[in-house]
Amino acid sequence: MAKSKVKSLNTKERIIVALDTPDIRFAKKLIQTLKDDIKTYKVGNELFTAHGPEAVRMVRDAGAQVFLDLKYHDIPNTVASAARQAVHL
């Protein structure tokens with residue numbers, strides 16, 4: 001039987017911190033506080049609705065990864081178009 005080459009993730013890679021706030025200054029401060037321990041942050045409906053693509057750019061500019069969680073439920077073509085736009089971020 002072949003050995004699996006599954007890479008185990010360290011804590012920094014396993015934990016995603018949710019930026020569930022409409023306050024972009026608070027979100028930025030949280031990222032700065034956790035930057036040495038966390039690699040990925042979730043931008044959800046609340047922050048994205050309040051600040052749009054700026055919220056995603058803020059996380060990326062801090063050198064972190066984004067989990068964009070917008071939970072689209074609409075006409076399929078509209079969802080596809082929105083997803084394409086999100087990929088550009």
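Just so we're clear, the structure is a prediction, and the values are computed from it rather than from any experiment.

1. A closer look at the sheet that holds strand β3 (residues 65-69)
Argument step 1. Spatially, β1-β2-β3 is the arrangement adopted by the three strands of the open sheet, whose pairing is parallel. With partners counted over all chains shown, the strands left at the sheet margins are β1 (16-18) and β3, one partner each. Pairs of neighbouring strands in the sheet enclose a mean axial angle of 30°, with direction left out of account.
Argument step 2. Summarising the sheet, β1 and strand β2 (residues 40-44) pair through three bridges and their orientation is parallel. When the bridges of β2 are listed, A18 appears paired with K42.
Argument step 3. Helix-sheet contacts for helix α4 (residues 53-61) involve β2 and β3, and the interaxial angle to β3 is about 155°.

2. Side note on the packing of helix α2 (residues 24-34) against α4
Argument step 1. Look at α2 against α4: their axes get within 10 Å of each other, and the N-to-C directions meet at 15°. On the basis of their axis angle, the class for α2 and α4 is roughly parallel. Regarding α2 and α4, the two cross each other, and that crossing is right-handed. Where α2 approaches α4, its residues I24, A27, K28 and I31 are matched on the opposing element by E54, A55, M58 and V59.
Argument step 2. Of the residues in the contact of α2 with α4, the class split is six nonpolar, no polar and two charged.

3. Some points on the pairing of β2
Argument step 1. Across the five residues that make up β2, a large majority, five, are buried.
Argument step 2. A crossover links β1 with its parallel partner β2, the connecting element being α2, and its sense is right-handed.
Argument step 3. As paired strands, β2 and β3 are joined by five bridges and run parallel to one another. Along β3, the bridge assignment pairs K42 with F67.

4. Observations regarding the confidence of the model for the chain
Argument step 1. Per-residue pLDDT for the chain averages 88, and the proportion of residues at 70 or more is 93%.
Argument step 2. Ranking the elements of the chain by mean pLDDT puts helix α1 (residues 11-14) last, at 78, and α2 first, at 98.

Calculation criteria
Residues numbered from 1 in each chain as written. Predicted model: local features only at pLDDT ≥ 70, side-chain atom pairs only at ≥ 80, totals over all residues. Heavy atoms only, no water. Pairing = 2+ DSSP bridges. Helix = DSSP H or I, 4+ residues; strand = E, 2+ residues; numbered from the N terminus. Axes fitted to C-alpha atoms, helices over the stretch in contact; angles between N-to-C directions. Contact = heavy atoms within 4.5 Å. Parallel < 35°, antiparallel > 145°, perpendicular 65-115°, else oblique. Left-handed = near helix turned anticlockwise from the far one by under 90°. Nonpolar A, V, L, I, M, F, W, Y, C, P; charged D, E, K, R; others polar. Buried < 20%, exposed > 50% of the residue type's maximum accessible area, 1.4 Å probe, protein only. Right-handed = clockwise from strand over helix to strand, strands pointing away. pLDDT = per-residue confidence, 0-100.

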